[in-house]
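# Working through the structure, step by step
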Amino acid sequence: MALDAKKRLRIEELAKQLQALMAEDFDDQPGNVKSFDDLETTSVTVGDEVSRILLESASKKRIPDLPVPTACPHCQRQCQQAEPEPRVLQTRRGEVTWLEDKYYCRHCRRSFFPGKPPVGAGCQ
Ligand SMILES: [Zn+2]
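Just so we're clear, the structure is a prediction, and the values are computed from it rather than from any experiment.

Criteria and thresholds
Residues numbered from 1 in each chain as written. Predicted model: local features only at pLDDT ≥ 70, side-chain atom pairs only at ≥ 80, totals over all residues. Heavy atoms only, no water. Donors = N, O, S within 2.8 Å, 3.2 Å for Na, K, Ca; no water. Tetrahedral: all angles 85-135°; square planar, octahedral: opposite > 155°, others 65-115°. Helix = DSSP H or I, 4+ residues; strand = E, 2+ residues; numbered from the N terminus. Buried < 20%, exposed > 50% of the residue type's maximum accessible area, 1.4 Å probe, protein only. Contact = heavy atoms within 4.5 Å. Pairing = 2+ DSSP bridges. Axes fitted to C-alpha atoms, helices over the stretch in contact; angles between N-to-C directions.

### What to know about the coordination of the zinc ion
Note on the zinc ion: its protein donors are Cys72 (SG), Cys75 (SG), Cys105 (SG) and Cys108 (SG). The metal-donor distances range over 2.3 Å. For the zinc ion, the four donor atoms in the first shell make angles of 103 to 113 degrees at the metal, so the coordination geometry reads as tetrahedral. Binding-site remark: the zinc ion is held by donors from one chain whose sequence spacing is C-x2-C-x29-C-x2-C. With Cys72 in the loop between β1 (70–71) and β2 (78–91) and Cys105 in strand β3 (residues 94–105), this residue pair connects regions lying 33 residues apart in the sequence. The exposure class of Cys72 is buried, given its relative accessible area of 1%.

What follows is the structure, encoded as structure tokens:
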């Protein structure tokens, strides 16, 4: 994925805001001179958190609006929505969480998740 100049400039502005927010972790303090390793650790930590938040936000947008009631995939009877199921996925940048629509079929006595998982596969 390539970033155009306008987006790159905006990301640089946001990075400067993050650097200001994390000033005490980036800037030398009396008696505490930051090493390159310190700066890298802070940069990676902030970058991982930004990545995790971006992924979590993008994942939530992918959850489809499902009709209520929805047909059971086993018996085709209409089922009502149950409490959403919290989902957690471990990513390269940390845990990403979302709530997934859950339905319960009284006839089959089973829950099912008709929506497409927002990320990954085999989450149902
Ligand atoms: Zn059923």
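### As for the environment of Ala82
As for its position among the elements, Ala82 is in strand β2. The spacing of Ala82 and Cys105 is 23 residues in sequence and 9.6 Å in space, taken between C-alpha atoms. Apart from residues no more than four positions distant in its own chain, Ala82 is found in contact with Lys102, Tyr103 and Tyr104.

### Comments concerning the sheet that holds strand β4 (residues 110–112)
Across a sheet, strands are paired by hydrogen bonds formed along the backbone, either parallel or antiparallel in direction. Across the sheet, which stays open at both edges, the four strands sit in the order β1-β2-β3-β4 with antiparallel pairing between neighbours. Every other strand in the sheet has two partners, leaving β1 and β4 as the edge strands with one partner each. Of the pairings in the sheet, the one linking β1 to β2 comprises two bridges and is antiparallel in character. Note that in β2 the partner of Ala71 across the bridge is Gln78. Of the strands in this sheet, β2 and β3 are in contact with helix α3 (residues 36–61), which crosses β3 at around 20 degrees.

The values are spatial; any link to function lies outside them.
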